[in-house]
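Single-letter residue listing:
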Amino acid sequence: MSSVQAESVIKSIIREIGAECNSRGVEVSETLIAFTVKAAVLDPDNAFNVDRALTKADVQQLIQSCVKKLQESTSPSLDTVKMQVHFDMNYTTRGEFLKEHKKILETRLLPIAREITDYRARTREELETLYRKIVSFILLQSGLGSPTDIAVVREATAALQSVFPQTELGTFMVMSKKDKQTQLQELTNIVTGIRLYNRNSGKGGEGIDDLPSILKSAIETTSQTIESELTKTLQQVYKLTAILLYIIGSPHPPPTNPTPLLMKHALINLRQHQSYIKVLMGDILNCVHLVSQLEKDYDSNMSQLKETVQSKTAVPTAQVYPLFVALSNVWQGYQDNVVMLSVLSNLITGLRPFFKQAVAVADSESLHTLLSEANVLTDEERITQTCGDEFKVDITKHRKAEFIFPETTKNFDQISIEFKVWIYRYTCHMIFAKCIISI
């Protein structure tokens, strides 16, 4: 079967699963169905042969298996898949987030930018209209105040006139469209720098938010929120881990409700949430470091500007304009971090619906008795207790597996271990083992 035919078959399967789910009152996205289909095909319990084309019987089995899974309204394992779909669809790198944000901003500004670059002013009134449009564009792109606020417009206009008086519009209009776009960006950076300098000097700053203070508060709030999320998740993880180990180690395991299988699925779900929270914590920590550096750069640039400008009647533009642009770039860095913290906060909130079932399993009253008999340990405590040669892997008992040992592998600590998500069908329990014994 060609790749085109295979893709057509997969799309047909996804559509049929979607239709079947809808007929049973279950609304699911195509992305969730695709994830579920992939997991079902790779699940050895379903015995699909991935090296050959699916038969009609295989297709029907696959559809029935996926529909059954997607109907599990109280299933931690399905929630795990949903969590993975949500994170996969909504998370990307900082660079990609900001690139997308910039693209959205450019799209919003495109109409007014086109009005400016295509404008053909002939009368004095038309020139004044064009100049006002440029001021509005600068305000919208810089994000420093509203173009409908008279005080903000007046301040921005004064800053623009100091570097680009209205008499220069004639030269501007005969430029190529690309050169006009370039000059608009340069004017935005310079005017932004001037307004920030004036604000610092107590001579302006209308409509300019105190981003350093806003960021400080936002970082503190977001950090507290995510640390609380992680703490709560780990408490449930340690609880379920202890109970499952107690059941495994008991010669006569007591009957439980929820079942050990349901507890295992809940534990996998919580471990998945933990791993995503740690990814987001890393991004928040990166924001903390970047904001700290921005504060230093801002103070440094402002001091340099003051030394250059103060007590001087005239300063060469080649000397001062780059300083205004540098100040504008630092402020853009502040704005980028505001965007990132908002995105990260939304991602934290967006994950919450996908581990409620797992928490409900962990909080089951029927587990309280077992919990009193189990030995609840943190991951760190379990690692400490299970370090030593007695835990070393005996490779003679695992002939079909390949092990890489730290003591015999060069640059072991530099090996990239790509294990980012938990598989809901995984048959062992999600327990942090030992020190690094082997891979």
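A brief look at the structure comes next. Note that this is a predicted model, so its numbers are computed, not measured. (Residues numbered from 1 in each chain as written. Predicted model: local features only at pLDDT ≥ 70, side-chain atom pairs only at ≥ 80, totals over all residues. Heavy atoms only, no water.)

1. Points about the layout of surface pockets
In this model, the second largest pocket occupies a volume close to 980 Å³. Considering the residues around the second largest pocket, the lining is formed by 37 residues, among which L105, L109, Q141, S142 and Q332 are closest to the centre. Residue assignment for the lining of the second largest pocket shows that the elements contributing at least two residues are α5 (94-118), α6 (124-142), α9 (177-200) and α12 (317-351). With 12 residues, the top contributor of residues to the lining of the second largest pocket is α5. Classifying every residue of the lining of the second largest pocket gives 15 nonpolar, 15 polar and seven charged. (1 Å grid on protein atoms, 1.4 Å probe; cavity = no way out; pocket = protein on both sides within 12 Å on 5 of 7 lines; lining within 4 Å. Points joined across faces, edges and corners; volume = space filled by probe spheres on them. Helix = DSSP H or I, 4+ residues; strand = E, 2+ residues; numbered from the N terminus. Nonpolar A, V, L, I, M, F, W, Y, C, P; charged D, E, K, R; others polar.)

2. Here we look at unusual backbone geometry
Put simply, N257 and P258 share a cis peptide bond, and its omega is 15 degrees. Here P258 lies in the loop between α10 (211-249) and α11 (260-309).

3. Details of the state of the cysteines
Inspection of every chain in the model, using the stated rule, returns zero disulfides. Free of any disulfide, C21 has its nearest neighbouring cysteine sulfur in C66, separated by 8.6 Å. (Disulfide = S-S within 2.5 Å.)

4. Some remarks on the packing of aromatic side chains
Summed over all chains, the structure comprises nine aromatic pairs. A ring pair is formed by Y91 and F97, whose centres lie 5.9 Å apart and whose planes are at 80 degrees; its orientation type is edge-to-face. Between W331 and Y334, the ring centres sit 5.5 Å apart and the planes meet at 80 degrees, which makes this aromatic pair edge-to-face. With W331 and Y334 both in helix α12 and three residues apart, this pair spans about one turn of that helix. As far as burial versus exposure is concerned, W331 and Y334 are alike and both buried. The residue whose ring lies beneath K180 is F172, and the NZ or CZ to ring-centre distance is 5.8 Å. (Phe/Tyr/Trp six-rings, centres within 6.5 Å; stacked < 30°, edge-to-face > 60°. Buried < 20%, exposed > 50% of the residue type's maximum accessible area, 1.4 Å probe, protein only. Lys NZ or Arg CZ within 6 Å of the ring centre and 35° of its normal.)

5. Brief notes about the pattern of salt bridges
By the definition in use, this model includes 10 salt bridges. Note that E72 and K69 form a salt bridge whose closest N and O atoms lie 3.1 Å from each other. Classification of E72 as partly exposed rests on a relative accessible area of 27%. Under the relative-accessibility criterion, K69 is labelled buried at 13%. In this structure, R352 and E229 form a salt bridge, with 2.9 Å as the shortest nitrogen-oxygen distance. In this pair, R352 sits in the loop between α12 and α13 (356-362) while E229 sits in helix α10, placing the two residues 123 residues apart along the sequence. (Salt bridge = Lys/Arg side-chain N within 4 Å of Asp/Glu carboxyl O.)

6. Examining the side chain of T308
Relative to the helices and strands, T308 is located in helix α11. A polar side-chain atom of T308 sits 2.7 Å from the main-chain carbonyl oxygen of Q304. (Polar contact = N/O pair within 3.5 Å; in protein donor to acceptor, adjacent residues only side chain to side chain.)

7. Digging into the nonpolar core
Side chains that are nonpolar tend, in soluble globular proteins, to be buried together. Within the largest apolar cluster, 83 residues are counted, with the highest numbers of intra-cluster contacts made by I134, L160, F164 and Y334. In this view, F164 contacts Y131, I134, L169, F172, Q183 and L187; residues no more than four positions away in its chain are not counted. In terms of nonpolar packing, the next biggest core, distinct from the first, is built from 19 residues, V26, F48, L62 and C66 among them. (Core = buried A, V, L, I, M, F, W, Y, C linked by side-chain atoms within 4.5 Å. Contact = heavy atoms within 4.5 Å.)

8. What to know about the environment of N269
With respect to the helices, strands and loops of the structure, N269 is situated in helix α11. Setting aside residues up to four positions removed in sequence, N269 forms contacts with P76, D79, T80, M83, F354, F355 and A358.

9. Digging into α9
The end-to-end C-alpha separation of α9 is 35 Å, in line with the 34 Å expected for 24 residues at 1.5 Å each. Backbone geometry just after α9 places G202 at a positive phi near 80 degrees. (Expected span 1.5 Å × (residues − 1).)

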